[in-house]
Structures are given as structure tokens and as C-alpha cells.
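Residues per chain, in single letters:
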Amino acid sequence: MDRADVIKKIKMEKLVAVVRAESKEQGLDIADAVTKGGIKLIEVTMTVPGALDIIRELSEKYKDTDVVIGAGTVLDSQTARMVILAGGEFVVSPMLSEETIRLCNRYKIAVIPGIMTVKEAVEALELGADILKIFPGNAYSSSIISAFTGPLPQASFMPTGGVDTDNVCEWLKAGAVAVGTGSSLTRGAKNGDYKLVEDKAREFVREVNK
């Protein structure tokens, strides 16, 4: 899937599952559960042991499907390049890294840097970022979207952090093009309850479809 199609997919699905895990096996199981629950966008964080192997395996597994695999917590351009070589189709960072954005632009990979201020948002747009990640989302209320889009109506924002089924619609109605959700979605994995993860994914999808 090319860069434009990935961005279109994110805006259409509006829901990115952020996978954090204590092991490669747990990461793969979480990804399997959320995809069974109907979420099509999987962000494997680089804090997971064996994250690149997970991305490589998932990219191969879902190669001919509508599931898109990317990476999160990408802190530098070197890591972004490894993600791309492993098959990742989008790169998400918790902060604004000029080198990371430039590298993703070079290889035509969708990139979503983290921002907290209008100044950072403008810098990210000037560098060619596709979507801007408001992080941590739970440091704000959904009204931050209108605060950003007031001076920057051309920007697309995706809050991550603190997004749950009881507020996801609020974020989307406020103008977010998508949301990222992690701990609230995957909480069941801590006890090996992947059916709970799958059910939570379905609940998220139902709320987003409203």
C-alpha cells in the first residue's frame, strides 16, 4: 500500500491499535486479537521486545489483506529505516523529529509525529508530516482539537493516550481524523485474556462507527 493509501486508510478507519507488550509472543497475540475484533491498523511500539520481528511477521501475515502494520515510539531516523525494511507501512513518533520525518518522506512512508504545541504542529506540517499525533492526549480535553484547527484548519490530528470507548466519539466529533488507543484496548492481555482484547476491539469499532 502506498503512502497516500495508508493515510486514506487511517482517516477512513479512524482507529489505530497501539500494541505494547512484555514479549514478542504477547505482542503477536495482541495483534491477532485486535484484528479479530475488527481493527485494521496496528501500531507495534518499538518498546516491545522483538518489535521488528513482530512487524516483519505481521506484515507478511497480512500482506494480501486490508490490515496495515506500522510502528510506534519511533525516536529517530535509524529506527524508522529499520521499521521500513521490516515491512512497516507507517511510522509514529511520540515527539517531533525532523530527521525521522525527512527519512519517511524520502521513502514515501506515512509519518505521524507527536506534537503538543501550535509551533510544533506548524514545524511538522512544514516538514511534510501527514497526520499530527496529539500526545499525550490525556493531558488535554477534546477541545484541544478546535484550538489547533482554529489557526491550522489544513492540519489532521490524531490524539493518542487516554482514549477509551467512553470518549472516542467525543474526540472524533471534535475533529480528530483518527485516534490511537493502547492500554484501555489491550488491558486483558496482562492476564492472558485475549478474548477480552478482541471484545474490547469490537466495542471500539462499534463506537467509532457511530
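None of these values were measured; they are calculated from a predicted model. (Residues numbered from 1 in each chain as written. Predicted model: local features only at pLDDT ≥ 70, side-chain atom pairs only at ≥ 80, totals over all residues. Heavy atoms only, no water.)

Draft legend 1. Quick peek at the overall build of the chain. Counting its regular elements, the chain contains ten helices and nine strands. Its C-alpha atoms give the chain a radius of gyration of 16 Å, within 12% of the compact-globule value 17 Å for 210 residues. Along the three orthogonal principal directions, the C-alpha set of the chain runs to about 45 × 35 × 25 Å. For the chain, with 210 residues in total, the buried portion stands at 53%. Put simply, of all contacts in the chain between residues at least 6 apart along the chain, 59% involve residues at least 24 apart. (Helix = DSSP H or I, 4+ residues; strand = E, 2+ residues; numbered from the N terminus. Rg over C-alpha atoms; globule rule 2.2 N^0.38 Å. Buried < 20%, exposed > 50% of the residue type's maximum accessible area, 1.4 Å probe, protein only. Contact = heavy atoms within 4.5 Å.)

Draft legend 2. Spatial organisation of the nonpolar core. Counting 57 residues, the largest nonpolar core has Val34, Ile42, Leu58, Ile115, Leu132, Phe157 and Val168 as its most contacted members. Sequence-distant contacts of Leu132, defined by excluding residues within four places in its chain, comprise Ile112, Pro113, Ile115, Ala121, Ala124, Leu125, Ala155, Ser156, Phe157 and Met158. Membership of the second largest hydrophobic core comes to 14 residues, among which are Val16, Leu41, Ala110 and Met158. (Core = buried A, V, L, I, M, F, W, Y, C linked by side-chain atoms within 4.5 Å.)

Draft legend 3. Expanded view of the packing of aromatic side chains. With the rule as written, the count across this model stands at one aromatic pair. Ring geometry for Phe148 against Phe157: centres 5.1 Å apart, planes inclined by 20°, an arrangement best described as stacked. What makes Phe148 buried here is its relative accessible area of 3%. Residue Phe157 is classed as buried on the basis of its relative accessible area of 1%. Stacked on the ring of Tyr107, the Lys or Arg Arg81 has its end atom at 3.9 Å from the ring centre. (Phe/Tyr/Trp six-rings, centres within 6.5 Å; stacked < 30°, edge-to-face > 60°. Lys NZ or Arg CZ within 6 Å of the ring centre and 35° of its normal.)

Draft legend 4. Examining helix α1 (residues 3-13) more closely. Along α1, the positions that sit buried rather than exposed are Arg3, Val6, Ile7, Lys9 and Ile10. For α1, the arc enclosing every buried residue in end-on projection is 155°, short of the 170-degree limit, so these residues lie on one face. Exposed and facing more than 90 degrees away from the buried side of α1 are Ala4, Lys8 and Met12. Check the buried side of α1 and you find it contacts β1 (15-19), β2 (41-45), β3 (68-72), β4 (90-92), α5 (98-106) and β5 (110-112). Lys14, located one to two residues past α1, shows a positive phi value of around 65°. (Arc of directions from axis to C-beta.)

Draft legend 5. Highlighting the sheet that holds strand β6 (residues 114-115). Strands sit in the order β6-β7-β8 across an open sheet of three strands; the sheet is parallel. Bordering the open sheet on either side are β6 and β8 (157-159), each of which pairs with just one other strand. Bridge count between strand β7 (residues 132-134) and β8: three bridges; the pairing is parallel. In the strand pairing of β8, Ile134 is matched with Pro159. (Pairing = 2+ DSSP bridges.)

Draft legend 6. View of the packing of helix α2 (residues 24-36) against helix α3 (residues 51-61). The N-to-C vectors of α2 and α3 enclose an angle of 35°; their axes lie 10 Å apart at closest approach. Relative to α3, the crossing made by α2 is right-handed. Between α2, through Lys24, Gly27, Leu28, Ala31 and Asp32, and α3, the contact on the second element is made entirely by Asp53, Ile54, Glu57, Leu58 and Lys61. Split into classes, the residues belonging to the contact of α2 with α3 amount to four nonpolar, one polar and five charged. (Axes fitted to C-alpha atoms, helices over the stretch in contact; angles between N-to-C directions. Left-handed = near helix turned anticlockwise from the far one by under 90°. Nonpolar A, V, L, I, M, F, W, Y, C, P; charged D, E, K, R; others polar.)

Note that every value here comes from positions in space, so none of it alone points to a role or purpose.
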